[in-house]
Amino acid sequence: MSTQAIEAVPLRPSPVDLVETFDRILAQRESIEAVLRDAFDKGAKRVYLVGSGGSYLANFNAAYLLEKHLADVTVHHITSGEFLAREPLGVNADAIVIAGSHTGGTKETVASVEFAKKRGATVLAYCSNADTALGAASPNFWSYDSKTTTGDAKQLFTAVFAYAVLKTAGADLDFEAIERNYAKLGPAIKQIHEKVDAEYGELAKKYHTENVTYVVGSGPGQAAAYNLSMCYLMEMQWMNSGFFNAAEFFHGAVEIVEDDVPVFVFLGEDSTRPLAERVRDFAVQRSSKVVTFDSKDFELEGFDEEYRYLAAPHILFTLTGRLAAQYAILNNHDLSTRRYMGKVAY
């Protein structure tokens, strides 16, 4: 019998290049706007936000922003697999398709780009680097060029795409103020990492052995809830979990709330916040294991108060990574460990 010690999983550090990566993404705004301006000049009427897994959930905020501020452009937030299977008739010369993938090799996303090109759509794509299948397939491509700043980078890129669509489509927003505040997001996120690491170590100790954890979000906050439940707990920690849209929680999930059932609720600062607050208020009366992640709990140095809502989805999302890093230590289960993904045919 082997007596070799199992090496402990260390704390995954906050990405050292996070601020640099954010600056690099924001610097690509004008080239993105140029492509979109041409598309709208030619009569674009529809936008499809396409991705799988983390690149699908990265679009919750973008979809919210576009639907809230565009009257004459329809928005479709869809997984790459569904996009291919449905073959939407609306994907044609009047459509804009924005696709993302961290690795740049997600087969359904690459195929989605090829499908959209054949239909005559304006196609924009992004991933971690240009030397990928997605980069080769995409006529208009951008990269965040980082292996360590990943989820946060995708969240920012999709927001940049969304505001570029809004700007070139003629939405009535103060884009100068939006850009000025976004320039401060990277340092703010780094400060949040420093603030929560010790606190989340204690939080993880309470919940890292739970049989199941239910996670709830609304609007842009769905990205964080989906990410924690599907990507971190299930994919990366092999823990049972379920993600719910806050508005739908009453229609079934509400019946599983009992005293020993963990319910994690994400609260942002957009118009859908009351939907998540309703879930929280119901759950705290019936469960002793309700945890609230609220973007309002964090200071944002230099941000104009009226533009805090810009940062809220990014705050909520980044919290999930810092919490998951603590779970990985306590479960001695590295976040990169997989049983099936990338290892067996699927």
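Residues numbered from 1 in each chain as written. Predicted model: local features only at pLDDT ≥ 70, side-chain atom pairs only at ≥ 80, totals over all residues. Heavy atoms only, no water.

1. Quick notes on the pairing of strand β3 (residues 95-100)
Then, in step 1: The element β3 is extensively covered by neighbouring structure, given that 6 of its 6 residues are classed as buried.
Then, in step 2: Neither face of β3 is left uncovered, since the one carrying A95, V97 and A99 and the one carrying I96, I98 and G100 both have all their residues buried.
Then, in step 3: Sheet analysis places strand β1 (residues 46-51) next to β3, joined by 5 bridges and oriented parallel. Bridge pairing in β3 places V50 opposite A99.
Then, in step 4: Bridging between β3 and strand β4 (residues 122-127) involves 5 bridges; their strand directions are parallel. (Buried < 20%, exposed > 50% of the residue type's maximum accessible area, 1.4 Å probe, protein only. Helix = DSSP H or I, 4+ residues; strand = E, 2+ residues; numbered from the N terminus. Pairing = 2+ DSSP bridges.)

2. Re the sheet that holds strand β9 (residues 290-294)
Then, in step 1: The 4 strands lie next to each other as β7-β6-β8-β9, forming an open sheet whose pairing is parallel. Edge positions in the sheet fall to β7 (241-245) and β9, since each of these pairs with one other strand and no more. Here the strands of the sheet are splayed against their neighbours by 20 degrees on average, with no regard to which way each runs.
Then, in step 2: When strand β6 (residues 213-217) meets β7, the two strands line up parallel, connected through 5 bridges. Across the sheet, the residue bridging to T213 is S241, located in β7.
Then, in step 3: Most of the contacts of helix α10 (residues 185-207) go to β9, to which it runs at about 150 degrees, and overall it touches β8 (263-267) and β9.
Then, in step 4: Relative to β8, helix α13 (residues 308-331) is tilted by about 150 degrees, and along the sheet it contacts β8 and β9. (Axes fitted to C-alpha atoms, helices over the stretch in contact; angles between N-to-C directions. Contact = heavy atoms within 4.5 Å.)

3. Structural notes on the state of the cysteines
Then, in step 1: Evaluated as defined, the whole model comprises 0 disulfides.
Then, in step 2: Distance from the sulfur of C127, which forms no disulfide, to the nearest cysteine sulfur (C231) is 17 Å.
Then, in step 3: The class of C127 is buried, set by a relative accessible area of 0%.
Then, in step 4: Of the residues examined, C231 reaches a relative accessible area of 6% and is grouped as buried. (Disulfide = S-S within 2.5 Å.)

4. What about a nonpolar patch on the surface?
Then, in step 1: There is a patch of nonpolar side chains on the surface, built from L11, I329 and L330 and spanning about 190 Å² of accessible area.
Then, in step 2: Considering the arrangement of structural elements, one finds I329 in helix α13. (Patch = residues over 30% accessible without salt bridge, like charges linked within 9 Å, V, L, I, M, F, W, Y side chains within 5 Å. Areas by Shrake-Rupley, 256 points an atom, 1.4 Å probe, with all protein chains shown as cover. Salt bridge = Lys/Arg side-chain N within 4 Å of Asp/Glu carboxyl O.)

5. Regarding α13
Then, in step 1: Taking 1.5 Å per residue, 24 residues should reach 34 Å; α13 reaches 35 Å between its end C-alpha atoms and fits that length.
Then, in step 2: Most of α13 sits inside the fold, with 20 of its 24 residues counted as buried.
Then, in step 3: Among the residues trailing α13, N332 stands out with phi positive, at a value near 50 degrees. (Expected span 1.5 Å × (residues − 1).)

6. Looking at the sheet that holds strand β2 (residues 74-79)
Then, in step 1: Reading across from one edge, β2-β1-β3-β4-β5 is the order of the 5 strands in this open sheet, with parallel pairing throughout. With partners counted over all chains shown, the strands left at the sheet margins are β2 and β5 (141-143), one partner each. If you compare each strand with its neighbour and ignore which way they point, the axes differ by 15 degrees on average.
Then, in step 2: Against the sheet, helix α2 (residues 29-41) touches β3, β4 and β5, its axis set at about 160 degrees to β4.
Then, in step 3: Contacts from helix α6 (residues 107-118) reach β1, β3 and β4 within the one sheet, and its direction differs from that of β3 by about 165 degrees.

7. Overview of unusual backbone geometry
Then, in step 1: Phi is positive for E87, close to 50 degrees, though the residue is something other than glycine.
Then, in step 2: Note that E87 resides in the loop between α5 (80-86) and β3.
Then, in step 3: A positive phi angle, close to 55 degrees, is found at W238, a residue other than glycine.
Then, in step 4: By secondary structure assignment, the location of W238 is in the loop between α11 (222-237) and β7.
Then, in step 5: The exposure class assigned to W238 is partly exposed, which follows from its relative accessible area of 35%.

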